[in-house]
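Secondary and tertiary structure notes
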Protein chains: 2
Amino acid sequence: MSDLPRLLDLAAIRALYAGGCSVQDVIAAAARRAEDADPSIFITRSPSAYLMAAVEALLARAPEPGSLPLWGVPFAVKDNIDVAGLPTTCACPAFSHVAEADAAVVQKLIEAGAIVIGKTNLDQFATGLNGTRSPYGIPRSVFDPAFISGGSSSGSAVAVAAGIVCFSLGTDTAGSGRVPAAFNNIVGIKPTSGLLSTRGLVPACESLDCISVFALSTADGVTVRRLAEGYDPADPWSRIAEPRTLPRDGLRLGVLAPADRDFCGRSAHAALYAQAIARTGAEVVEIDYAPFREVAALLYEGAWVAERQAAFEDTGVSIEALDPVVGGIFARAASFSATDAFRGLHRLETLNRRCQAEFDKADVLLLPTAPRTFTVEEMLAEPVLRNSQLGLYTNFCNLLGLSAIAVPAGFAADGLPFGVTLVGPGFADDSLARLADRVHRASDCGCATEQGTIIPPLPPSADPEDRIELVVVGAHLSDMPLNHELVALGGQLAARTRSSPEYRLFALPGTVPPKPGLVFSPGANGPGIEVEVWSMPAAGFGRFVAAIPGPLGVGRIKLANGRSVSGFLCEQWASEGAEECTQYGGWRAYVANRATVLS
Amino acid sequence: MSDLPRLLDLAAIRALYAGGCSVQDVIAAAARRAEDADPSIFITRSPSAYLMAAVEALLARAPEPGSLPLWGVPFAVKDNIDVAGLPTTCACPAFSHVAEADAAVVQKLIEAGAIVIGKTNLDQFATGLNGTRSPYGIPRSVFDPAFISGGSSSGSAVAVAAGIVCFSLGTDTAGSGRVPAAFNNIVGIKPTSGLLSTRGLVPACESLDCISVFALSTADGVTVRRLAEGYDPADPWSRIAEPRTLPRDGLRLGVLAPADRDFCGRSAHAALYAQAIARTGAEVVEIDYAPFREVAALLYEGAWVAERQAAFEDTGVSIEALDPVVGGIFARAASFSATDAFRGLHRLETLNRRCQAEFDKADVLLLPTAPRTFTVEEMLAEPVLRNSQLGLYTNFCNLLGLSAIAVPAGFAADGLPFGVTLVGPGFADDSLARLADRVHRASDCGCATEQGTIIPPLPPSADPEDRIELVVVGAHLSDMPLNHELVALGGQLAARTRSSPEYRLFALPGTVPPKPGLVFSPGANGPGIEVEVWSMPAAGFGRFVAAIPGPLGVGRIKLANGRSVSGFLCEQWASEGAEECTQYGGWRAYVANRATVLS
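Residues numbered from 1 in each chain as written. Chains lettered and ligands numbered in written order. Predicted model: local features only at pLDDT ≥ 70, side-chain atom pairs only at ≥ 80, totals over all residues. Heavy atoms only, no water.

**Some words on the sheet that holds strand β19 (residues 515-520) of chain A**
Condition: Two strands make a pair as long as DSSP finds a minimum of two bridges between them. The helix and strand labels rest on DSSP assignments: H or I over at least four residues marks a helix, E over at least two residues marks a strand, and numbering proceeds from the N terminus.
The sheet built from three strands is open, its strands ordered β19-β18-β23 (chain A) with antiparallel pairing. Each edge of the open sheet carries a strand with a single partner, namely β19 and β23 (579-580) of chain A.

In structure tokens form, the structure reads like this:
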């Protein structure tokens, strides 16, 4: 097999397997691309023995193509994340050692069927946002080799944009999972810290590190992130997710005020940013960016450098073995006292409160991912100043515990891409993805270089804000005495239909107002009972169910079309001896008939 | 009016007003007690002009006795908390200045009708647990003037125990709101950090400080705490409470293993501790105290002294103006680097996870409040070592974000009191109070010196209304395969109990993981089925119910105690032909038996 598609989104890989390609061929072709690509992208390409063993293990476990969600999907792993049997270098030869175990997230993705093509280059010890701080070479933007790739997850971003792998793992402390996405026109998903286990990640700034995902679309990235996430009791930074939702309608989009739209001299980006905002169609709110800017500055200019230094000390590597710029940053840690560190933490707490006030005005922020890019030459000439410019719109996120997704947002006249980032509250990851996907689609700028738009649909939402459907059959039907309870809890009528023929309906004696009981009778072949499907907010649904008096309850009701939906059930003991009204085809008809009889 | 009761609980004050006493008389009598008491208790007694103005303001606002929850109730305020118009000294004359505004909690209590009788002595800048570190004198235990009062909230505890005020505000960073409660046989309520605003408190160790309440009973303390609490957007450390509940029945009580019962040479306390445990009647679980001990040590031996130093620097007071022991502690801060501080934070995160594992075994801890007490002479001879011994069982709480309540637990043969502390998860404050009250009542040792038992009932519980209780019976029980679903949706175990005898349990064939069905059978008289009651947020409950597969559903379950609660039901058709397991008394027993049979 010789020709993989130019870009490897999940749909493309699945199409190859559906068309009869073997996993051996697909993985070999991806490995060949890695061999043929700029050698600075990978620090370690998976040796053929590793790839063969991985393929064999996959086939032994799951012989059928497509039988696992990432079956036979090639991916790349940033070289500060352990892959068992491959060296972990953090782009520092003195640190290099072969990992004994897969990092927790790598293990989950391998279990889901994916195969590691190699370990990617990075700014040494993930310290930088530019991609030039590595003795293994300088990856370049896929759009112009004169320009930086962005970092620190430089190789991981380029490996996806160059079509070597389908997705890749990066890490993101200051913006390393977002800035290189922008410079290579791909999607960078930065989960809320604690959502993905960091076990098996070499810490950069331990309290803030998170593992991120690069992909060609939000859909692919979210699919991978969901497979990789999950609470890990063995990782002290792992958190039990408490999903937050963003409003589906009437969303307020926080944007930079004109005076804050700083693109560090690259004025073409102002128009692209304004266009991205306009294309959302959302209500726009200008926020005060000052507290966010001050939080961002804490990361490299304040005591947090000492947190990096603590992690570096633990590696046992001498500071002389470091890239001089990285070494210079760590050396600054010595000037900070423990008192400074606590002052920094206190300042952060105060700023967090001010940032929260901005989030009270806007549900989500839409920011430039980076103000601009630089040539490699420009970067090397001013490595600290320009790096800090790159992080102007990213550095604050992890200090504030936020979620973020970077998506493409168009090209400037010189052919270089511009990206924007959606920033949401912590654990709004899923809800944020829907919006990021919309912004990406609206940008109409595809996923990477020469290829046209490839944006597969988002996977079915796991959005907890999803409303819950409730089947009602009696006193809660429209215009019946208890319907107001549904309306008061936010319910909306979603459908009028019938149950499957296997249900029987009984008039429950002694209920006020009169209520029926719906009972499933396997094998029954009745007329099907008239029901309404109401759409309820989850909390309203919960409160509603909790208030239902016995012998009624809520279980699953099979509708005439075969769908199974939450709905009213009746404990069978209560229907024994009750009048059956199945033959009326529904409660409304029974009540009307009875009224006629009695009147 | 000349004779106030010896001890002033809220009921006594209310009885005075109900009997026709004037607020002027009651406040004047309390002020006279303050004048006549050991002068080391108060640093500032409220001048009569202050008291007259306070009484006038109260009568202008609320002329009717009893028309506010703390109408005319005298209280004292630790002298690191601002009261407008009175000096705040932190027991450091060089720091003394007149406060311009009431601290947020003082303002709330004054609004509730209470009147400040004076500002109480403390270990300077709240640095200590013993009460000897103040140039304003050394308050003594009300039981023996040779002994320390405990600190740092020394004067506040003694003012309540001596019957000068009805309640007082302390602060608690390491244990300052609990240790002096034990040494004076009163109740010390240490709320979860962030529950009470710290605006207007001079910080000691800013990220950990919380304002605490001393009272004669848990009931009085909880009444005051509820009036004082509430989110304060102007305090960066304030938190929106997310109330946690403890199981009402079947509570697992974590206690020290025998080897960890260290009373620093005071062996009489071992029997009192064992007695306090036995009297709860709860299921007892021995916990591993090692991680808690290590967390406790971080506070004074690790980088957190630098957080104290940061707060002290902000006062502008020179180190020469300090009590020499306090000055010595602050001076140690200089030896810690920012790297040490972050290492400490990382270590804490790891230990927190280990402590959490102990909280997975036990719902709440019952610990000695302090291992022992010392004479003033002993304390002054070894001021650092003995202070650290006093904090052996308290120092860890705020670092782990926990709630705690110290209550009396009996007297040793020499007439000195012993106390125990209930420690619960963060924001379990209300639920914990119920248990603390029970432990206090069981101790049968009253509230203070010669007086008999005065323990009014707890105010009605403020358990959050938006939570819904759910009865689970099978795969969702603790430690069963689907329990994680409840936890992920915010569920908390609220009770372990049984159903009423009218339920039958069936093993549903073909369910994965295996699940039972609970069916109500009127007239049945079985053993009652083992169930757990879980408390869920409404939305989590809703999502949970919506995801339940048929033939299961949620209806009302009658518990053994007659209460009817939402819980799992099974459509009857599905139980027909299924194996009955009612006779095992529950799903857990059935599964265990089946595993034995199959092995």
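**What to know about the domain arrangement of chain A**
Rules: The split of the chain into domains comes from an automatic or database domain assignment.
Looking at chain A, the domain boundaries give domain 1 (10-231 + 240-443) and domain 2 (464-598). Measuring from the centre of the C-alpha atoms in domain 1 of chain A to the corresponding centre in domain 2 of chain A gives 49 Å.

**Topic: the nonpolar core**
Going by this rule: Residues grouped as a nonpolar core are buried Ala, Val, Leu, Ile, Met, Phe, Trp, Tyr and Cys residues, joined through side-chain atoms within 4.5 Å. Relative accessibility decides the category of a residue: with a 1.4 Å probe and only protein chains considered, values under 20% of the type maximum give buried, values over 50% give exposed, and everything between is partly exposed.
If you look at the biggest cluster of nonpolar residues, it comprises 292 residues, and the most contacted ones within it are F396 of chain A together with F396 of chain B. Counting 83 residues, the second-largest nonpolar core is a separate cluster that includes F544 and C570 of chain A together with M480 and A546 of chain B.

**Digging into the sheet that holds strand β18 (residues 503-508) of chain B**
Residues and elements named next belong to chain B. Read across the open sheet, the three strands follow the order β19-β18-β23; overall the sheet is antiparallel. The open sheet terminates on both sides in strands that have one partner only, identified here as β19 (515-520) and β23 (579-580). With six bridges connecting them, β18 and β19 associate as antiparallel partners. Residue Y503 lies in a different strand from β19, and its bridge partner there is F520.

**Some words on the interface of chain B and chain A**
Our working definition: We call two residues in contact when some of their heavy atoms are within 4.5 Å. Throughout, buried area stands for the accessible area (probe radius 1.4 Å) lost by two parts on being put together, summed over both. For this analysis, a salt bridge means a side-chain nitrogen from Lys or Arg found within 4 Å of a carboxyl oxygen belonging to Asp or Glu.
If you look at the interface, chain B gives 58 residues, while chain A gives 59 residues. In total, about 4500 Å² of surface goes out of reach between chain B and chain A, with carbon and sulfur atoms giving 59% of it. Contact with chain A buries surface across chain B, with F342, H346 and R353 of chain B losing the most and accounting together for 15% of the total. Our count for the chain B to chain A interface comes out at six salt bridges. Two residues, E349 of chain B and R239 of chain A, come together in a salt bridge whose shortest N-O distance is 2.4 Å.

**Let's talk about the packing of helix α12 (residues 338-361) of chain A against helix α10 (residues 304-315) of chain B**
Operational definition: Note on method: axes are straight lines fitted to C-alpha atoms, helices fitted across the in-contact stretch only, with angles between N-to-C directions ranging 0 to 180 degrees. Oblique is the label for any angle not covered by the other classes, which are roughly parallel (under 35 degrees), roughly antiparallel (over 145) and roughly perpendicular (65 to 115).
α10 of chain B packs onto α12 of chain A with a crossing angle of 75° between their chain directions and a minimal axis gap of 8 Å. Judged on the interaxial angle alone, α10 of chain B and α12 of chain A are roughly perpendicular. Note on element contacts: α10 of chain B touches α12 of chain A through W304, A306, E307, Q309, A310, E313 and D314 of chain B, opposite A338, T339, F342, R343 and H346 of chain A.

**A short note on the packing of aromatic side chains**
The following threshold applies: Pairing of aromatic rings covers Phe, Tyr and the six-membered ring of Trp, with a centre-to-centre limit of 6.5 Å; geometry is then stacked below 30 degrees between planes, edge-to-face above 60, and tilted otherwise.
Across all of its chains, the model carries 38 aromatic pairs over all chains by this definition. Their ring planes at 55° and their centres at 4.9 Å tell us that F520 of chain A and W573 of chain B sit as a pair that is tilted. Of this pair, F520 of chain A sits in strand β19 while W573 of chain B sits in helix α19 (residues 572-575), each in a different chain. Taking relative accessible area as the criterion, F520 of chain A reaches 11% and is therefore assigned buried. Judged by its relative accessible area of 27%, W573 of chain B is partly exposed. For the pair F75 of chain B and F167 of chain B, a centre-to-centre distance of 4.8 Å together with 15° between the ring planes defines the contact as stacked. With F75 of chain B in strand β2 (residues 74-78) and F167 of chain B in strand β8 (residues 167-172), this pair connects stretches of sequence that are 92 residues apart. The class of F75 of chain B is buried, set by a relative accessible area of 0%. Assessed through its relative accessible area of 1%, F167 of chain B is described here as buried.

**Description of the state of the cysteines**
To be explicit about the condition: Here, two cysteine sulfur atoms that lie within 2.5 Å of each other are counted as a disulfide.
This model, assessed by the stated rule, comprises zero disulfides over all chains. Free cysteine C90 of chain A: the closest other cysteine sulfur is in C92 of chain A, separated by 7.8 Å. Not part of a disulfide, C581 of chain B finds its nearest cysteine sulfur in C570 of chain B, a span of 11 Å. Among the residues examined, C581 of chain B registers a relative accessible area of 0% and is labelled buried.

**Some words on empty space enclosed by the protein**
What counts is decided by this rule: Using a grid of 1 Å spacing that covers the protein atoms alone, one calls a set of points a cavity when a 1.4 Å probe fits there but cannot get out, and a pocket when the set is open and has protein on both sides within 12 Å along at least five of seven lines; lining residues are those with an atom within 4 Å of a point. Grid points are joined across faces, edges and corners, and a volume is the space filled by probe spheres set on the points.
Counted according to the given criterion, the structure contains 10 cavities of 30 Å³ or more. By volume, the largest cavity is sized at about 160 Å³. Around the largest cavity, the lining is made up of 19 residues, and of these C570 and E571 of chain A together with L569, C570 and E571 of chain B lie nearest the centre. Taken together, the elements giving at least two residues each to the lining of the largest cavity come down to β21 (552-558), β22 (564-570) and α19 (572-575) of chain A together with β19, β21 (552-558) and β22 (564-570) of chain B.

**Digging into helix α11 (residues 324-331) of chain B**
All names here are of chain B. How we decide: Note that the arc is defined by the directions from the helix axis to the C-beta atoms. As used in this structure description, the phrase polar contact means that two N or O atoms lie within 3.5 Å; if the pair is within protein, one of them must be able to donate a hydrogen and the other to accept it, and residues adjacent in sequence are counted only when both atoms belong to side chains.
Those residues of α11 lying buried are V326, G327, I329 and F330. Each buried residue of α11 lies within a common arc of 160° when the element is viewed along its axis, so the set occupies one face. Considering only its buried residues, α11 is in contact with α10. The opening residue of α11, the one whose side-chain oxygen lies 2.9 Å from the backbone nitrogen of V325, is D323.

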